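# A look at the structure
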Amino acid sequence: MACATALLTTVTSCGLLSSDDDAGGPALSEPLGVTAQAGSATSVHVMWNKPTSTAAVTDYEVYRGSVRVQRLPATQQMVDVTGLEPRTRYVFTVRARAKDGDLGPASRSVSVTTPAAVAADRSAPSRPTGLRGAADGGRSVSLSWRKATDDKGVVSYDIYQGTTKIHSVPGNRTEALLTGMRPGTAYRFSVRARDAADNTSPASETVRLTTAKGGDEGPGTAPSDFRAAARHSDKAYYIDLTWTPPRTGGEVPAYQVYLDGKQATTVVWGDSAPKDAAKYSFYIGTEAGARHRVKIRGQLPDGTWGAFSPERTVTTRQ
């Protein structure tokens, strides 16, 4: 279920987004955009983005439940957690450590279930082919490829920037939207397929992309199929919103709703952010015949805000 602040308030209270105005809050905020993807029957690839706070980070700690399983330098924001059990559900969180040695708050929890083990599988998946890509504004790129084949099934696809693995998506997906890029920068990407036994395919062909020089988010980061409708109930009016979340490769945990050009509220989901369809309703007043403009944008895995949806106009009628 979503939780949000009252209309015309911009500070959220669900613990996911930190407020720069909260002088009593922690010096170090939580890591954002944490995702966990099963890489094999015994490993999980955990990724995250740095906190939005200005405090310097010296290292990160990755937790499986309440147990710390990895401690990594500040320059590393992903890790493969190995030695896990097949067909088992795991919950991961990440915490950042400041220069003074204090740990910041834990990130949101993410859960993942490892697939079943396969016996005596030494055959790697085939090489993904047909890799294509396009810059999506100055801070994101989109990639797509043709699926690989494997005698036991592909569990995940690992995306590489040069020789460094930067992202993973489930084996039933052949596309990814990568955010957090630098404007006006050239990149090289390739993709490898992985099966449940941790066999990895040869790398796909390399695609070279250069992001736009401007810092604007690309249209691929905007919610799609955005619709808005006014509703009359109990002598008051509400606006009902529906949309499809942008395909970012991770969950979109929060949305900002803008009403008549100003931010009206922030909608925040906990551990159950919608993946295929989302909806939200909010109170708009009691006046009949009023026209309003509404649009939304989502929080990307890197903690930044994506592009706005198209703006819709609604009119309250009895």
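Scroll up for the structure.
What counts, and at which threshold
- Residues numbered from 1 in each chain as written.
- Predicted model: local features only at pLDDT ≥ 70, side-chain atom pairs only at ≥ 80, totals over all residues.
- Heavy atoms only, no water.
- Helix = DSSP H or I, 4+ residues; strand = E, 2+ residues; numbered from the N terminus.
- Buried < 20%, exposed > 50% of the residue type's maximum accessible area, 1.4 Å probe, protein only.
- Contact = heavy atoms within 4.5 Å.
- Areas by Shrake-Rupley, 256 points an atom, 1.4 Å probe, with all protein chains shown as cover.
- 1 Å grid on protein atoms, 1.4 Å probe; cavity = no way out; pocket = protein on both sides within 12 Å on 5 of 7 lines; lining within 4 Å.
- Points joined across faces, edges and corners; volume = space filled by probe spheres on them.
- Pairing = 2+ DSSP bridges.
- Salt bridge = Lys/Arg side-chain N within 4 Å of Asp/Glu carboxyl O.
- Axes fitted to C-alpha atoms, helices over the stretch in contact; angles between N-to-C directions.

## A look at the overall build of the protein
Of regular secondary structure, the protein possesses zero helices and 22 strands. Here the protein holds 318 residues, and the buried ones make up 46% of them. Taking contacts inside the protein between residues at least 6 apart in sequence as the whole, the part at least 24 apart equals 66%. With the model as given, the accessible surface of the protein reaches about 15500 Å², and the carbon-plus-sulfur share is 45%.

## Thoughts on the side chain of H45
Here H45 shows up in strand β3 (residues 43-49). Looking at H45, the relative accessible area reads 1%, which means it is buried. Excluding anything up to four places from it in sequence, H45 contacts T35, A36, Q37, G39, M78, V79, D80, K165 and S168.

## Comments concerning empty space enclosed by the protein
With the rule as written, the count across this model stands at one cavity of 30 Å³ or more. Of the volumes computed, that of the largest cavity is approximately 100 Å³. Along its surface, the largest cavity is lined by 13 residues, and L32, G33, V34, R108 and P253 are the ones closest to its centre.

## Brief notes about the pairing of strand β21 (residues 291-298)
Of the strand pairs in this sheet, strand β18 (residues 254-259) and β21 are connected by five bridges, and their pairing is antiparallel. Directly across from Y255, in β21, lies its bridge partner G298. As paired elements, β21 and strand β22 (residues 312-315) share four bridges and run antiparallel to each other. Within β22, the position partnered with V294 by the bridge is R312.

## Description of unusual backbone geometry
Residue R87 is not a glycine yet carries a positive backbone phi of 50°. Considering the arrangement of structural elements, one finds R87 in the loop between β6 (78-81) and β7 (89-98).

## Side note on the pattern of salt bridges
Side chains carrying opposite charge are able to pair once their charged atoms draw close together. A complete count under the given rule lists twelve salt bridges for this structure. Here R71 and D59 are joined by a salt bridge, their closest N and O atoms 3.3 Å apart. Note that R71 is positioned in strand β5 (residues 67-73) and D59 in strand β4 (residues 57-64), a separation of twelve residues in sequence. The class of R71 is partly exposed, set by a relative accessible area of 47%. Given the relative accessible area of 8%, D59 is considered buried. The residue R127 makes a salt bridge to E205 at a minimum N-O spacing of 3.9 Å.

## Describing the sheet that holds strand β13 (residues 175-179)
Read across the sheet, three strands follow the order β9-β10-β13 without closing on themselves; strand pairing throughout is antiparallel. Strands at the two margins of the open sheet, each flanked by one partner only, are β9 (129-135) and β13. Between one strand axis and the next, the sheet turns through 15° on average, direction left out of account. Relative to β13, strand β10 (residues 140-146) runs antiparallel, the two sharing five bridges. Along β13, the bridge assignment pairs V141 with L178.

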